[in-house]
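One letter stands for each residue in the lines below.
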Amino acid sequence: MNSISTDICIIGAGPVGLFAVFEAGLLKLRCHVVDALPQVGGQLSEIYPKKPIYDIPGFPEVLAGDLVSNLMRQIEPFHPTFTLGERVERFAKLEDGSFQLFTTDGTEILCKAIAIAGGLGSFEPRKPAIENLENYESGKGVYYMVRDPETFRDKRLVIAGGGDSALDWTIFLADVAKEVTLVHRGTTFRGAADSAEKVKHLHDAGKVRLVLSSNVTHVHGPEQLEAVTITPNSGEPETLHVDSFIPLFGLTPKLGPIGEWGLELEDDAVKVNTVDYSTSEPGIFAIGDINTYPGKLKLILCGFHEAALMCQGAFKYINPDKKYVLKYTTVNGVPTL
Amino acid sequence: MTDEVRVYVEEAPGHRREVVAPTDMGLSLMEVLKASGYDIQATCGGMALCGTCHIEVLAGPALDEPSDEELYMLESLPVMSQGSRLSCQVRVTPRLDGLVLRLMPQQA
Ligand SMILES: Cc1cc2nc3c(=O)[nH]c(=O)nc-3n(C[C@H](O)[C@H](O)[C@H](O)COP(=O)(O)OP(=O)(O)OC[C@H]3O[C@@H](n4cnc5c(N)ncnc54)[C@H](O)[C@@H]3O)c2cc1C
Ligand code: FES
C-alpha cells in the first residue's frame, strides 16, 4: 500500500486547492494534493480550459488553462506532492488529532489537517447503460479513463464515444494497441476537425476500425472481459473479441463520499465557520465551491481568500502552542520548504 | 400574442406535469425547469459545456436546429436520441407552446 505523510492533505486540485498550497507554504506547512481526475485544475481543466476569465485581480483576461499553469508555477517552490486519478473515500481521526485518509486505490495519507477543496464534487465518468458493465471495472477490462497507455500495449481495444477524448485516444492508442475499434453512435464527429480527419486517415490506412451509427450494447466474459457486442442503429449486431473496452463519454461531478463524512451539510455543501473555514469536525476545513455560509459566492477569487484564512486556522490546529506572526511575502520573499 | 407558454414534462410514462413559462424574460428552458423544481445540475450555467441539462423532446412544435456546440456536447453523452437537446440552448419563445419533454438520466 502506498503511504504518504504530510502536514495538510488537500482534497481537490482545482484552483482553490492549488492556491491553498501556496498559502500553506508561506506558513511552512507541507501539502499533499489528491484529485480524482488525472490532471490538475478542477472545473477549469475539465469543463472550460479555453474560456477566458476576466475577474482574477491583476489579469484583465486569462484563459482558464493558463491560470491553472500559472498556479502550478506559483506553488513550485513549496514542492507539493500529488496523487492524481484517485478519489478520497474515507478518513479516520487518530488519537493525537491527526488524520488518516484512504483513496479508492488504497493510497493512505497521514496528515495533521485536512482541507477539502472538492468543488462540485469529484468528477466521475458518465457510464453507458450496459448490463453488467461494473463487473469488469477495476482492471478486468473496462476503463473509463486512460491513465497509463502502456496498459493497452498489444491489446485489442474497443473505444466508444464521439467527443475529443474518444478521438484523441483512438489516435494515440493506434500506435500502442494491437487493434483499435472506435464505435460512435452518430455519423459525424464534431470536436476538433483535425482529430476527426486523423482518425479517418488511420481508418483508411487500415490502422483503426471505425464503426459509425452503432452502440456497444453488451459485454461478455466469465471473469475478465473477453468480447463486446456492437449493435448498429439498423442491421445485425456483431460480437467482437477484445481485451479492453474504453467508454469515453465525458465526466460529470458528483458530491461523492465527502457527503457521508458526518460533516454538517446544507444543500449538498459543507457548512463552515468563516473565521477560518473550519467544518463541524475540528481539523477538517472546507474551501471553494464545496462550502457554504451566509453570502457565499462560488467564485475563484472568493476561494482564494478562503484558502488564505483556512491556512491560518490549520496552522493553529497543527501548532496549538505556536503563535504565527503575519509577514508579507515582500518582506522575506517567497519562502521555500 | 401571449407572454406565457405551457410546456409539459413527462415525469413517468403517461404522467405529464404542466409548467408555465414566461416568454418575455429571455429565459432558457433549463432555467425554467430548474426554477420549477426539477433536479438539473446545469454545472456550466447554460454554456453548452457540461451536458447536465439534457432533455428529450417527445412531441410538440418544431424547434430551431441545434448549434454545432450543442450537437458536439450531445454527441459526447452516453445516451442521445432523435429528440435530444440541451435545455440551456432552447430559448423560451411563444413557439414553444405545447412542447412535451422528459429529463434525460444523468448517468444511465
Ligand atoms: C463554465 C464555467 C465558467 C466559470 N467562469 C468563472 C469565472 O469567470 N470566474 C470565476 O471566478 N469562476 C468561474 N466559474 C466558477 C469556478 O470554476 C469555480 O468557482 C471554481 O472552479 C471552484 O474551484 P474549486 O477549486 O473549489 O473546485 P473545482 O474546480 O470544482 O475542483 C474541485 C476538484 O476536487 C476534486 N474532488 C472532489 N471530491 C474529491 C474526492 N473525494 N477525492 C478526490 N478529488 C476530489 C474534483 O475532481 C475536482 O477536480 C465558472 C464555472 C464554470 C462551470
Ligand atoms: S447547463 Fe451545462 S450544458 Fe446546459
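Bear in mind that the values here come from a model prediction, so they are computed numbers and not experimental data.

Caption draft 1: Examining the UniProt feature "binding site: FAD" (unreviewed entry) in chain A more closely. Residues annotated by UniProt as "binding site: FAD" (unreviewed entry) correspond here to Asp 35, Gln 43, Tyr 48, Val 88, Phe 123, Asp 289 and Thr 330 of chain A. Taken together, the annotated residues stretch across 296 residues and extend over separate regions, lying up to 37.4 Å apart by C-alpha. By the secondary structure assignment, Asp 35 of chain A is in strand β2 (residues 31-35). Taking the relative accessible area as the measure of exposure, Asp 35 of chain A reaches 9% and is therefore buried. If we skip the residues at most four places from it in the chain, Asp 35 of chain A touches Gly 12, Ala 13, Gly 14, Thr 83, Leu 84, Gly 85 and Glu 86 of chain A. Engagement of the side chain of Asp 35 of chain A in a polar contact is seen with the backbone nitrogen of Leu 37 of chain A, the distance being 2.9 Å. Relative to the helices and strands, Tyr 48 of chain A is located in the loop between α2 (43-46) and β3 (52-53). When sequence neighbours within four positions are dropped, the list of residues in contact with Tyr 48 of chain A reads Gln 43, Ile 53, Ala 64 and Ile 300 of chain A together with Leu 49 of chain B.

Caption draft 2: Up close: the site of ligand 1. Inspection of the region around ligand 1 gives 37 residues, with Asp 35, Gln 43, Tyr 48, Val 88 and Asp 289 of chain A positioned closest. Chain contributions to the surroundings of ligand 1 come from chains A and B. Within the side chain of Gln 43 of chain A, one N or O atom sits 2.8 Å away from an oxygen atom of ligand 1. Computed on the free molecule, ligand 1 has an accessible area of 1,000 Å², of which 94% lies beneath the protein chains in the complex. Only α1 (15-26), β2, α2 and β9 (122-125) of chain A provide two or more residues apiece to the shell around ligand 1. Per-element accounting of the shell around ligand 1 gives the leading share, three residues, to α1 of chain A. Partitioned by chemical class, the residues of the shell around ligand 1 number 19 nonpolar, eleven polar and seven charged.

Caption draft 3: View of the nonpolar core. If you look at the biggest cluster of nonpolar residues, it comprises 69 residues, and the most contacted ones within it are Ile 8, Ile 10, Ile 53, Leu 101, Ile 116 and Met 310 of chain A. For this core, the secondary-structure elements that each account for two or more residues are β1 (3-11), α1, β2, α3 (64-75), β7 (99-103), β8 (108-116), β20 (284-286) and α6 (300-318) of chain A. Contact partners of Ile 53 of chain A, with chain neighbours within four places excluded, come to Leu 44, Tyr 48, Pro 60, Glu 61, Val 62, Ala 64, Leu 67 and Ile 300 of chain A. Ranked by size, the runner-up nonpolar core spans 27 residues in total, among them Val 19, Cys 53, Val 92 and Leu 99 of chain B.

Caption draft 4: Highlighting a nonpolar patch on the surface. On the surface, a cluster of nonpolar side chains totalling about 250 Å² of accessible area is made up of Leu 297, Leu 299 and Leu 301 of chain A. By the element assignment, Leu 301 of chain A lies in helix α6.

Caption draft 5: Representation of the confidence of the model for chain B. This prediction gives chain B a mean pLDDT of 92; 96% of its residues lie at or above 70. The ipTM, which scores confidence in the relative placement of chains, is 0.78 for this predicted complex, and the corresponding pTM is 0.86.

Caption draft 6: The arrangement of helix α4 (residues 164-173) of chain A in detail. Looking only at α4 of chain A, the buried set comprises Ala 166, Leu 167, Thr 170 and Leu 173 of chain A. Each buried residue of α4 of chain A lies within a common arc of 145° when the element is viewed along its axis, so the set occupies one face.

Caption draft 7: Local environment of the side chain of Glu 137 of chain A. All names here are of chain A. Among the structural elements, Glu 137 can be located in the loop between β9 and β10 (156-160). Its relative accessible area of 18% is what places Glu 137 among the buried residues. Polar side-chain contacts of Glu 137 include one of 3.2 Å to the side chain of Lys 127. Not counting residues within four places of it along the chain, the set of residues in contact with Glu 137 comprises Lys 127, Val 142 and Tyr 144.

Caption draft 8: Focus on the interface of chain A and chain B. Taken together, the contact between chain A and chain B spans 24 residues of the former and 22 residues of the latter. Both sides of the chain A and chain B interface together cover about 1,800 Å² of buried area, and 51% of this is carbon and sulfur. Between the two partners, chain A and chain B, sit zero salt bridges. Summed over the shared surface of chain A and chain B, the number is seven residue pairs in polar contact (both at pLDDT 80 or more). Secondary-structure elements contributing two or more residues to the side of chain A that touches chain B are β9 and β17 (251-254) of chain A. When residues of the side of chain A that touches chain B are assigned to their parent elements, the largest contribution, three residues, is made by β17 of chain A. Considered class by class, the residues forming the side of chain A that touches chain B number nine nonpolar, seven polar and eight charged.

Caption draft 9: Region of interest: the pattern of salt bridges. Residue and element names in this part refer to chain A. The tally for this structure, following the rule as stated, stands at 23 salt bridges over all chains. For the salt bridge of Glu 281 with Lys 93, the shortest nitrogen-to-oxygen distance reads 2.8 Å. Of this pair, Glu 281 sits in the loop between β19 (269-271) and β20 while Lys 93 sits in strand β6 (residues 88-93), and the two are 188 residues apart along the sequence. When its relative accessible area of 24% is taken as the criterion, Glu 281 is described as partly exposed. Notably, a salt bridge pairs Arg 147 with Asp 105, separated by 3.2 Å at the nearest N-O pair. Of this pair, Arg 147 sits in the loop between β9 and β10 while Asp 105 sits in the loop between β7 and β8; the two residues are 42 residues apart in sequence, bridging distant segments of the chain. Under the relative-accessibility criterion, Asp 105 is labelled partly exposed at 45%. Members of the salt-bridge network, linked through shared partners, are Asp 7, Arg 30 and Lys 112.

About the criteria used
Residues numbered from 1 in each chain as written. Chains lettered and ligands numbered in written order. Predicted model: local features only at pLDDT ≥ 70, side-chain atom pairs only at ≥ 80, totals over all residues. Heavy atoms only, no water. UniProt positions renumbered as here; feature names shortened; annotations may be inferred. Helix = DSSP H or I, 4+ residues; strand = E, 2+ residues; numbered from the N terminus. Buried < 20%, exposed > 50% of the residue type's maximum accessible area, 1.4 Å probe, protein only. Contact = heavy atoms within 4.5 Å. Polar contact = N/O pair within 3.5 Å; in protein donor to acceptor, adjacent residues only side chain to side chain. Near = heavy atom within 4 Å. Areas by Shrake-Rupley, 256 points an atom, 1.4 Å probe, with all protein chains shown as cover. Nonpolar A, V, L, I, M, F, W, Y, C, P; charged D, E, K, R; others polar. Core = buried A, V, L, I, M, F, W, Y, C linked by side-chain atoms within 4.5 Å. Patch = residues over 30% accessible without salt bridge, like charges linked within 9 Å, V, L, I, M, F, W, Y side chains within 5 Å. Salt bridge = Lys/Arg side-chain N within 4 Å of Asp/Glu carboxyl O. pLDDT = per-residue confidence, 0-100. Arc of directions from axis to C-beta. Buried area = accessible area lost by both parts, 1.4 Å probe.

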